[in-house]
Amino acid sequence: MNADNDSTRDNSAQQASAETVSGRQDAANPPVSTTPSGTSHIRSFVHRRAHITPSQREALDRLMPLWAVPYQARQLDFQEVFGRDAPTILEIGFGMGETTQKIALARPEDNFLGVEVFNAGVGAMLKRIDESGLTNVKVIQHDAVEVLQHMIPPASLAGVHIYFPDPWPKKRHHKRRLIQPPLVKLLASRMKPGAYIHLATDWENYAEQMLEVLSGEETLENTTDGYAPRPDYRPLTKFEARGLRLGHGVWDLIFKRKADVP
Ligand SMILES: C[S@@+](CC[C@H](N)C(=O)[O-])C[C@H]1O[C@@H](n2cnc3c(N)ncnc32)[C@H](O)[C@@H]1O
């Protein structure tokens, strides 16, 4: 594990994420993405050469055409993507897809659009979709910021899930954290009035930042006072359960888009 993103929590996706920092990119001077339209942002991830298993590789080759939506700078029509008219939940950074699979199985009435950059994670998620016979999950392998900018229509999402985003614990790396005011403003603009955004983290200092940023977005309102209890639909991962046994905290935040904003 690399000291640049030295999560001490034993979350497999966090660990995989950290393994790949490995000095090929300078995390303190992060790469900036520039889109064809000229906008730019600091990337919240690093390119990874983490291990990919033969079955994840096979899943990528065989299942991408079935369950993945290629990145393109054109707005999606969710009805066309999922073949039905249903509430669509965007998940950013699903990692190995364990939580996504459980939620999608428990909520067959909702569509889930998962965005992840990590090859092995996308392969693992595609395997889960295939093995569970899920028909309500689609995957985009791309930077979620660009997906939000170019593919998600305004006021189209019924919900947003961002679970355990990379904590970037060192102060000099905080600029790489996903949850920042411009991203949250962009996310809120893609949510329908009344839609929810649900974040979870096991880093107290990131939880505080999340609460400050979400509370500062004028089109959102908290569904509770401060942090929310974990809702039943978000399963406890084995890493989280172990962390909780060791006395580590987990913070959930659930905000809604105000109904009366343009
Ligand atoms: C620490 S992992 C958490 C994974 C999973 N949500 C969980 O709870 O185990 C964060 C994930 O977010 C992904 N990620 C970070 N920034 C992203 C971005 N801008 N677009 C898409 N995925 C991103 C990383 O590749 C990584 O897999």
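Residues numbered from 1 in each chain as written. Predicted model: local features only at pLDDT ≥ 70, side-chain atom pairs only at ≥ 80, totals over all residues.

## Regarding the environment of valine 250
Consideration 1: Counting through the fold element by element, valine 250 comes out in the loop between α9 (238–245) and β9 (251–257).
Consideration 2: Apart from the residues lying within four places of it in its own chain, the contact partners of valine 250 are Ala200, Asp202, Glu240 and Leu244. (Helix = DSSP H or I, 4+ residues; strand = E, 2+ residues; numbered from the N terminus. Contact = placed C-beta atoms within 7 Å.)

## A look at the nonpolar core
Consideration 1: Ranked by internal contacts, the top residues of the largest apolar core, which has 55 residues, are Leu90 and Met210.
Consideration 2: Looking at this core element by element, the count peaks at 6 residues for helix α5 (residues 119–132).
Consideration 3: Setting aside residues no more than four positions away along its own chain, methionine 210 makes contact with Ile179, Leu199, Thr201 and Leu253. (Core = buried A, V, L, I, M, F, W, Y, C linked by C-beta atoms within 7 Å. Buried ≥ 20, exposed ≤ 12 C-beta atoms within 10 Å, placed from the backbone.)

## Topic: the confidence of the model for the protein
Consideration 1: Confidence in the prediction of the protein, expressed as mean pLDDT, is 88, and 86% of residues score 70 or more.
Consideration 2: Considering only residues more than four positions removed or in separate chains, one finds that residues 1–26, a stretch of pLDDT under 50, has 54 contacts. (pLDDT = per-residue confidence, 0-100.)

## Brief notes about the sheet that holds strand β3 (residues 88–92)
Consideration 1: Spatial ordering of the open sheet is given by β5-β4-β3-β6-β7-β9-β8, a layout of 7 strands whose pairing is mixed. Only two strands of the sheet have a single neighbouring strand rather than two, namely β5 (137–141) and β8 (220–222). Ignoring which end each strand starts from, the neighbouring axes of this sheet average 20 degrees apart. (Pairing = 2+ DSSP bridges. Axes fitted to C-alpha atoms, helices over the stretch in contact; angles between N-to-C directions.)

## Observations regarding the packing of helix α2 (residues 54–67) against α5
Consideration 1: Across the interface, α2 lies against α5 with an axial gap of 8 Å and an inter-helix angle of 65 degrees. In terms of orientation, α2 lies roughly perpendicular with respect to α5. Considering how the two elements wind past one another, α2 and α5 form a crossing that is left-handed. Residue-level contacts link Ser55, Gln56, Arg57, Ala59, Leu60, Leu63, Met64 and Trp67 of α2 to Asn119, Ala120, Val122, Gly123, Ala124, Leu126, Lys127, Ile129 and Asp130 of α5.
Consideration 2: Classifying every residue of the contact of α2 with α5 gives 10 nonpolar, 4 polar and 3 charged. (Parallel < 35°, antiparallel > 145°, perpendicular 65-115°, else oblique. Left-handed = near helix turned anticlockwise from the far one by under 90°. Nonpolar A, V, L, I, M, F, W, Y, C, P; charged D, E, K, R; others polar.)

## Details of the pairing of β3
Consideration 1: The buried fraction of β3 is high, at 5 of 5 residues.
Consideration 2: Residues Thr88, Leu90 and Ile92 of β3 are buried on one face, and the alternating residues Ile89 and Glu91, pointing to the opposite face, are buried as well.
Consideration 3: Pairing analysis gives 5 bridges linking β3 to strand β4 (residues 111–116), with the strands arranged parallel. Note that in β4 the partner of threonine 88 across the bridge is asparagine 111.
Consideration 4: Since β3 and β4 lie parallel, the crossover through helix α4 (residues 98–106) that links them has a hand, and here it is right-handed.
Consideration 5: Looking at chain direction, β3 and strand β6 (residues 157–163) are connected through 3 bridges and run parallel. (Right-handed = clockwise from strand over helix to strand, strands pointing away.)

## Description of the environment of lysine 102
Consideration 1: Relative to the helices and strands, lysine 102 is located in helix α4.
Consideration 2: Sequence-wise, lysine 102 and serine 132 are 30 residues apart; in three dimensions their C-alpha atoms are separated by 9.9 Å.

## With respect to the pairing of β5
Residues in a regular strand point their side chains to alternate faces of the sheet.
Consideration 1: Among the 5 residues of β5, 5 are classified as buried, and the element is accordingly described as predominantly covered.
Consideration 2: Burial along β5 is two-sided: Val137, Val139 and Gln141 facing one way and Lys138 and Ile140 facing the other are all buried.
Consideration 3: Strand direction decides the pairing type here: β4 and β5, joined by 5 bridges, are parallel. Bridged to phenylalanine 112 within β5 is valine 137.
Consideration 4: In this view, the connection linking β4 to its parallel neighbour β5 by way of α5 has right-handed handedness.

## With respect to α5
Consideration 1: The end-to-end C-alpha distance of α5, which contains 14 residues, comes to 20 Å, matching closely the 20 Å that a straight helix rising 1.5 Å per residue would cover.
Consideration 2: Counted residue by residue, α5 has 10 buried out of 14 residues, so it is predominantly covered.
Consideration 3: Count one or two residues on from α5 and you reach glycine 133, which has phi positive near 65 degrees. (Expected span 1.5 Å × (residues − 1).)

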